[in-house]
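Fold and geometry: a report
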Amino acid sequence: MNPQAKLIFMTSLLLGTTITISSNHWIMAWAGLEINTLAVLPLISKSHHPRSVEAATKYFLTQAAASALVLFSSMTNAWHTGQWDITQLSHPTSGLILTSAIAMKLGLVPFHFWFPEVLQGSPLSTGLLLSTIMKLPPITLLYMTSPSLNPTLLTILALLSTALGGWMGLNQTQVRKILAFSSISHLGWMAVIIIYNPKLTLLNFYLYTMMTATVFLTLNSMKVLKLSTLMTAWTKVPSLNAMLLLTLLSLAGLPPLTGFLPKWLIIQELTKQEMIATATLMALLSLLSLFFYLRLAYCTTITLPPHTTNHMKQWRTGKPTNVLIAILATMSITLLPISPLILALV
C-alpha cells in the first residue's frame, strides 16, 4: 500500500477514535465511529485477495448496522428526555438498544460471528488494529453510559462471550482465529464488571491491548499464520519464541504474570457485589481459553515437528528483536508485582 495512503488512513483512525472518546454529544460520537469504520476498511482489503475483500464487506455491513442502532438509540433517548448528552441515557429501551449496538461493534456473543471471519481475512498488522484500537471507542461509550445500563443483560452477554470465546477457539488451527476468540473471551471479562467498577474495565482493556499487541507483533515478525508454521518457527528466533510463550501464558491469566491482575481484581469485585455464582462461572470458563493458549504455547516452544524431512526449517535470522516487542513483552510478563502502583494510577 502507498505510504501516503496508509498515513491518511492511520491519521483518520486516530482522529475517529479521539472524536468518539472525547465527545459529549451522541452525533459526534457516531461521526467518530463512522470515520473509524471507513478508515480501517482499506487496511483490511489492502491485499486484494477475495478473502480480504469478503472480510472488508462483512466488517462494513456489521459496523454500519451497529452505527445505525447507536443513532436510533440516541434519537429514542432524545425523543423521550430531550437530552443528546451521552451520560444522560436514562430511557430503558435506549439502554437496551445501545447495549446491543455496542455488543455488535465489539463482537460480543451473540453478535460475534463477523469478528473471527474478518480477522482471518485481514493481515496481522490490521488484525492488531481491529483487536485493540478499534475496540476503544465502543468501550468508552459503555464506560460513559455504564450507570444507565441493564446489569442482567450485560452479565448474560459476558458469560456467553467468555464461554463461546473459549469453546470455539478449541479446535482452531489458524492463529488469527484463535486470537479472535481470545478477544471475545476477554471482552466478556470487561463487560461483566463495567457497571460495578468501570475503571476496572479500562484497566483490563489496557493490559489486554498490551499483551495482544505483543502477540500480534511477534507473530508478524516471525511471519506465522497457522499452527503448523508456528511449530517450525523456533529455529528462526529462539529468544522471541520464549517471550511469546510467556506472553501467551500471561494472556491466559496465569498467576505470576501480568494477565492475572485484571482477572483477580474482577473476581474480587464480583465477590464484593455478592455475585459468587457469576465469579465462579467466569473463573471456570476461563479454563477453556487456557487450554488453547497452552496449545499455542506448546506449539511455540515445546513441540518439534514429527517428520523433520517434511518440514522446511527456517533459517535463523541475524536481526535483533524489535525494541517495541521487547518492551511490550517485558511489560506483559512482569507488571504483577507493581499492581498497587497500577491501581493507584487508575
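Residues numbered from 1 in each chain as written. Predicted model: local features only at pLDDT ≥ 70, side-chain atom pairs only at ≥ 80, totals over all residues. Heavy atoms only, no water.

Under an unreviewed UniProt entry, the name given to the chain is NADH-ubiquinone oxidoreductase chain 2, and the organism recorded is Carpodacus erythrinus. As stated in UniProt under Subcellular location (unreviewed entry), the record for the chain gives "Mitochondrion inner membrane". In its Sequence similarities (unreviewed entry) section, UniProt records this for the chain: "Belongs to the complex I subunit 2 family." (UniProt positions renumbered as here; feature names shortened; annotations may be inferred.)

UniProt's feature table lists "transmembrane region" (unreviewed entry) at residues 56-75, 95-115, 152-171, 178-196, 202-219, 240-261, 281-302 and 323-345, given in the numbering used throughout. The distance from the first to the last C-alpha atom of residues 178-196 is 29 Å, and the span holds 84% helix and 0% strand. Between the end C-alpha atoms of residues 323-345 the distance is 25 Å, and the span holds 83% helix and 0% strand. (Helix = DSSP H or I, 4+ residues; strand = E, 2+ residues; numbered from the N terminus.)

Attention now moves to the pattern of salt bridges. Counted under the stated rule, the structure contains four salt bridges. A cluster of three or more residues bridged by salt bridges with shared partners is formed by Arg 51, Glu 54, Lys 58, Glu 117 and Lys 177. (Salt bridge = Lys/Arg side-chain N within 4 Å of Asp/Glu carboxyl O.)

Of note, the bond from Val 109 into Pro 110 is cis; its omega dihedral lies within 30 degrees of zero at 10°. Position of Pro 110 among the secondary structure elements: in the loop between helix 4 (92-106) and helix 5 (114-121). At His 48, a position not held by glycine, the phi torsion is positive, near 60°. Relative to the elements of secondary structure, His 48 occurs in the loop between helix 2 (26-44) and helix 3 (50-81). Given a relative accessible area of 68%, His 48 falls into the exposed group. (Buried < 20%, exposed > 50% of the residue type's maximum accessible area, 1.4 Å probe, protein only.)

Attention now moves to empty space enclosed by the protein. Inspection of every chain in the model, using the stated rule, returns three cavities of 30 Å³ or more. Its volume calculated, the largest cavity comes out at about 100 Å³. Tyr 59, Gln 63, Lys 105, Met 134 and Pro 138 are the residues nearest the centre of the largest cavity, which is lined by 13 residues in total. Of all the secondary-structure elements, those providing two or more residues to the lining of the largest cavity are helix 2, helix 3, helix 5 and helix 7 (136-145). The leading source of residues in the lining of the largest cavity is helix 2, at three residues. By residue class, the composition of the lining of the largest cavity is eight nonpolar, three polar and two charged. (1 Å grid on protein atoms, 1.4 Å probe; cavity = no way out; pocket = protein on both sides within 12 Å on 5 of 7 lines; lining within 4 Å. Points joined across faces, edges and corners; volume = space filled by probe spheres on them. Nonpolar A, V, L, I, M, F, W, Y, C, P; charged D, E, K, R; others polar.)

With respect to the secondary-structure elements, Asn 77 resides in helix 3. Given a relative accessible area of 0%, Asn 77 falls into the buried group. Setting aside anything within four residues of it in sequence, one finds Asn 77 in contact with Gly 82, Gln 83, Gln 88, Leu 89, Ser 90, His 91 and Ser 94. (Contact = heavy atoms within 4.5 Å.)

Attention now moves to the side chain of Thr 76. Positionally, Thr 76 belongs in helix 3. Looking at Thr 76, the relative accessible area reads 16%, which means it is buried. One polar contact links the side chain of Thr 76 to the main-chain carbonyl oxygen of Phe 72, over a distance of 2.6 Å. Ignoring any residue separated from it by four or fewer positions in sequence, one finds Thr 76 in contact with His 91 and Ser 94. (Polar contact = N/O pair within 3.5 Å; in protein donor to acceptor, adjacent residues only side chain to side chain.)

This structure, assessed with the given rule, holds five aromatic pairs. Feature note: the residues Tyr 59, Trp 114 and Phe 115 constitute an aromatic cluster, connected by ring pairs. Here the guanidinium or amino end of Lys 135 rests over the ring plane of Phe 115, the centre of that ring lying 3.7 Å away. Above the face of the Trp 189 ring, Lys 263 is positioned so that its terminal group lies 5.1 Å from the ring centre. (Phe/Tyr/Trp six-rings, centres within 6.5 Å; stacked < 30°, edge-to-face > 60°. Lys NZ or Arg CZ within 6 Å of the ring centre and 35° of its normal.)

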